[in-house]
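The primary structure of each chain is shown beneath.
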Amino acid sequence: MQITRRHFFGVMGAAGASVAVRPPTGHAWQSKAPPDPFGCLVDLTRCVGCRKCEEACAEVNGLPEPERVNCQCTIFEKDRRPDHDAYTVVNRYYTGKVDEFDKPVPTYAKVQCMHCQDPACVSACIVGALTKDETGTVRYDVTRCIGCRYCMVACPFEIPAYEYHDPITPKVMKCTFCYDRISKQGGVPGCATICPTEAITFGRRETLLEVAKKRLKENPARYLPHIYGEKEVGGTSWMYLSGVPFEQVNLPALPETPSPKLSETVQHSLFTYLWSPILLFGVLGGLMAWFNKNDNPPDKGGA
Amino acid sequence: MIKKIMVCACLIPFLAGVCTAEVWKAPDQEQARERAKETVPFIKEYKDDCQISRRICLMDAGISLDDVSTVYFLLDSPIIKEREDHYEPVRFAHKRHAALVDDCSKCHHFRPKDEDALETTRCSACHQDSFNPEYPERIGLKAAYHQQCMECHQQEAKGPVDCTGCHLKHVPDHKELVKLPDNPDPIQVTQACLECHDTQGEDMLKTAHWLWRGPSPYTTGHRKDILHGKGTTALNNF
Ligand code: SF4
Ligand code: SF4
């Protein structure tokens, strides 16, 4: 049995051609983002690092009280991430910014689920345990969750955490956008309510974008001219303003294409008209027939 | 016998006082407390002046330290308490701040658009509930206080920036904590305080109460001609 180079390229060429001439799918990717979601605008130039948001979040969501709530002396020494015990954490960054006495100025940044407009986790969840709601919330339904943790892999911000310590009823844990509060008239998330400096502004996403643009325009020296989350991964409900580069406060540079657009386009085009399984089994069948044909004659010699 | 009568006579007005249960209240405290409860109508439109023109406006209007009518505020507005009530109210020494900052436009940064309105308005006239969808860029009263106070305290490297620096702590009942002899003299009382509050004692040595120096917003014409402060004159140093 030999597969010659020519044969191999012949077969691959045929496969390639069938991909190229496949009928137009008619399934161009479409965003499923809600039209008028809520959002939060986090202004890092206003945050004073008091960690009241952590405290309030734990209280309204029935989570354990954060470590050293009233003492900010050592907590910032380690870089923390949201986990199964905390939907949001505040970190401190020294970015090289100094005040007029050359003293380093810290920048504090709160991290939580960004509630993407087209969330990668929702797209990755194979049982629909995660959904993007009209309010803008990415909601989690534990009764559907099978614990595959695809969402954790898919999230570009590495937010969802898992209750590994709980073998019986583990849950995926992430900021709920205080859905129970914001879905009611006049409701505000716990963290935004308590923030003493309104570093977290709650409102409709469209309005917040206007507010953000106004702040950038009125105070160009205070801010970098960028609204993080306006376009990142297709837009997020939580957005940030900052006076220091976003990468320095652990907000990664991300493409403007929504993550699901790429994955879903690949997935959908693979399965349109079932061309890919048909092609795969066609090729396999062809190869089998070809091997059978080639294998038979030499057997005669009994070599 | 005579002694007994005298004691009884002395006790009578005292007992009478207890019976009517008239607890003495500091009038300025009461006034501040009442004032804190008031809410004023929301000012929708303001004049968007820059700080320099604002300052000139205030100067043209002839507003100076002498016009500061309220010496002291209790920042305890129902607007803030409506959403949450975690901290004791802040006591804000208005006149003292005015004297130190010496620039009303620092806090009274805008004025109402209505020309007939007063030059200086209360914070709570423009800053009320947070996240008002009709005025999304207007920050709420709580944020207005915190941003204004903390930013200035940071910039000037003066004044507290931590929570309990401004907000009162819940003060425990000291009757249980402190044991004083009957009829203590002033030095014994001070000593008892300093047993726990030694840092405050150190701080006190840097204040006008000890040094008799610093801004004098309350003296006539703000004169500063006090020579014999506790810190400077040994005779007075107790
Ligand atoms: S929105 Fe609610 S759940 Fe999310 S970080 Fe804020 S308080 Fe926590
Ligand atoms: S409560 Fe507000 S100011 Fe305090 S850490 Fe959180 S975001 Fe920053």
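Residues numbered from 1 in each chain as written. Chains lettered and ligands numbered in written order. Predicted model: local features only at pLDDT ≥ 70, side-chain atom pairs only at ≥ 80, totals over all residues. Heavy atoms only, no water.

Participant: How should I be thinking about the overall build of chain B in this particular structure?
Facilitator: Along the backbone of chain B there are 12 helices and four strands. Counting every position in chain B, which comprises 238 residues, the buried fraction comes to 25%. A fraction of 61% describes how many contacts in chain B between residues 6 or more apart in sequence connect residues 24 or more apart. On chain B, roughly 17500 Å² of surface is accessible, and the fraction owed to carbon and sulfur atoms is 60%. (Helix = DSSP H or I, 4+ residues; strand = E, 2+ residues; numbered from the N terminus. Buried < 20%, exposed > 50% of the residue type's maximum accessible area, 1.4 Å probe, protein only. Contact = heavy atoms within 4.5 Å. Areas by Shrake-Rupley, 256 points an atom, 1.4 Å probe, with all protein chains shown as cover.)

Participant: Just checking my understanding: could you explain the overall build of chain A for this structure?
Facilitator: When you go through chain A residue by residue, the secondary structure sums to nine helices and nine strands. Across the 303 residues of chain A, 42% fall into the buried class. Restricting to contacts in chain A with at least 6 residues of sequence separation, those with at least 24 account for 59%. For chain A, the computed accessible surface area is about 16500 Å², with 58% contributed by carbon and sulfur atoms.

Participant: In this structure, what is going on with the site of ligand 2? I would like to understand it.
Facilitator: In the neighbourhood of ligand 2, the contacting residues comprise C47(A), V48(A), G49(A), C50(A), R51(A), K52(A), C53(A), V90(A), C195(A), P196(A), T197(A) and I200(A). Grouping the amino acids of the shell around ligand 2 by side-chain chemistry returns eight nonpolar, two polar and two charged. (Near = heavy atom within 4 Å. Nonpolar A, V, L, I, M, F, W, Y, C, P; charged D, E, K, R; others polar.)

Participant: What should I look at first to understand the site of ligand 1 in this one?
Facilitator: The immediate surroundings of ligand 1 are formed by 13 residues, with C57(A), N61(A), C175(A), C178(A) and C191(A) found nearest. Of the residues that constitute the shell around ligand 1, the class distribution is eight nonpolar, four polar and one charged.

Participant: What's the story with the interface of chain B and chain A in this structure? I'm lost.
Facilitator: Tallying the contact residues gives 20 residues for chain B and 21 residues for chain A. Across the interface of chain B and chain A, roughly 1600 Å² is buried in total on both sides, 59% from carbon and sulfur atoms. A salt bridge links E151(B) to R222(A), with the nearest nitrogen and oxygen atoms 4.0 Å apart. Applying the counting rule to chain B against chain A returns seven residue pairs in polar contact (both at pLDDT 80 or more). For the side of chain B that touches chain A, the residue count by class is eight nonpolar, six polar and six charged. (Buried area = accessible area lost by both parts, 1.4 Å probe. Salt bridge = Lys/Arg side-chain N within 4 Å of Asp/Glu carboxyl O. Polar contact = N/O pair within 3.5 Å; in protein donor to acceptor, adjacent residues only side chain to side chain.)

Participant: Could you clarify how one ought to interpret helix α2 (residues 52-60) of chain A in this entry?
Facilitator: Given 3.6 residues to a turn, an α-helix orients residues that are three or four positions apart in the same direction. For α2(A), every residue scored as buried is listed here: K52(A), C53(A), E54(A), A56(A), C57(A) and A58(A). On its buried face, α2(A) sits against β2 (89-98), β3 (104-111), α6 (190-194) and β8 (200-204) of chain A together with α8 (163-166) of chain B. Where α2(A) ends, the next residue or the one after it, G62(A), has phi of about 65°, a positive value.

Participant: What am I meant to see in the pairing of strand β9 (residues 238-241) of chain A here?
Facilitator: Looking along a regular strand, one sees the side chains alternate between the two faces of the sheet. All names here are of chain A. Side-chain alternation along β9 places W238 and Y240 on one buried face and M239 and L241 on a second face that is also buried. Looking at chain direction, strand β1 (residues 38-43) and β9 are connected through four bridges and run parallel. Its bridge partner lying in β9, C40 is registered against W238. (Pairing = 2+ DSSP bridges.)

Participant: Please explain the confidence of the model for chain B as it appears in this structure.
Facilitator: A low pLDDT score tells you not to read the predicted coordinates there in detail. Residues and elements named next belong to chain B. Overall, the prediction assigns chain B a mean pLDDT of 83, with 82% of residues at 70 or greater. Note that pLDDT drops below 50 for residues 1-19; the model gives that stretch one contact with residues more than four away or on any other chain. Here the prediction assigns the complex a pTM of 0.76, and the interface score ipTM is 0.76. (pLDDT = per-residue confidence, 0-100.)

Participant: Got a minute to help me understand the sheet that holds β9(A) in this structure?
Facilitator: Strand pairing in a sheet relies on backbone hydrogen bonds. The paired strands run either parallel or antiparallel. Residues and elements named next belong to chain A. Reading across from one edge, β8-β1-β9 is the order of the three strands in this open sheet, with mixed pairing throughout. Because the sheet does not close on itself, it has two edges, and the strands there are β8 and β9. Put simply, the sheet's adjacent strands are angled 25° from each other on average, direction ignored. (Axes fitted to C-alpha atoms, helices over the stretch in contact; angles between N-to-C directions.)

Participant: What is the right way to read the side chain of K132(A) from this model?
Facilitator: Residues and elements named next belong to chain A. Tracing the sequence through the fold places K132 in strand β4 (residues 130-132). The buried charged residue K132 lacks any salt bridge partner; its closest oppositely charged side chain belongs to D118, at an N-O distance of 8.3 Å. Polar contacts involving the side chain of K132 include one to the side chain of Q117, which spans 3.5 Å. Looking at K132, its side chain comes within polar contact range of the side chain of S237, at 3.3 Å. Ignoring anything within four residues of it in the chain, the contact list for K132 reads P34, H115, C116, Q117, P119, V122, T137, V138 and S237. (Lys, Arg positive; Asp, Glu negative; His and termini not counted.)

Participant: Is there a simple way to think about the pattern of salt bridges in this case?
Facilitator: Where charged atoms from two side chains of opposite charge approach closely, those side chains can pair. Going through the model one piece at a time under the given rule, you end up with 23 salt bridges over all chains. In the salt-bridge network here, residues are joined through shared partners; they are D43(A), R46(A) and R215(A).

Participant: Teacher, can you tell me more about the nonpolar core here?
Facilitator: Nonpolar side chains tend toward joint burial in soluble globular proteins. Residue and element names in this part refer to chain A. Counting residues in hydrophobic clusters, the biggest one holds 44 residues, and the most contacted among them are F157, I200, F202, W238 and Y240. Contributions of two or more residues to this core are made by β1, α2, β2, β3, α6, β8 and β9. Residues contacting W238, with those up to four places away along its chain left out, are C40, V42, K110, Q112, C113, M114, H115, F177, C191, I200, Y228 and G229. (Core = buried A, V, L, I, M, F, W, Y, C linked by side-chain atoms within 4.5 Å.)

Participant: Could you clarify how one ought to interpret unusual backbone geometry in this entry?
Facilitator: One can expect most non-glycine residues to show negative phi and most peptide bonds to be in trans. You will see that R68(A), though not glycine, has its phi angle at about 45°, which is positive. Structurally, the position occupied by R68(A) is in the loop between α2 and β2. Residues other than glycine seldom take positive phi values, yet N183(B) does so here, at roughly 50°. Topologically, N183(B) is positioned in the loop between α9 (174-177) and α10 (186-196).

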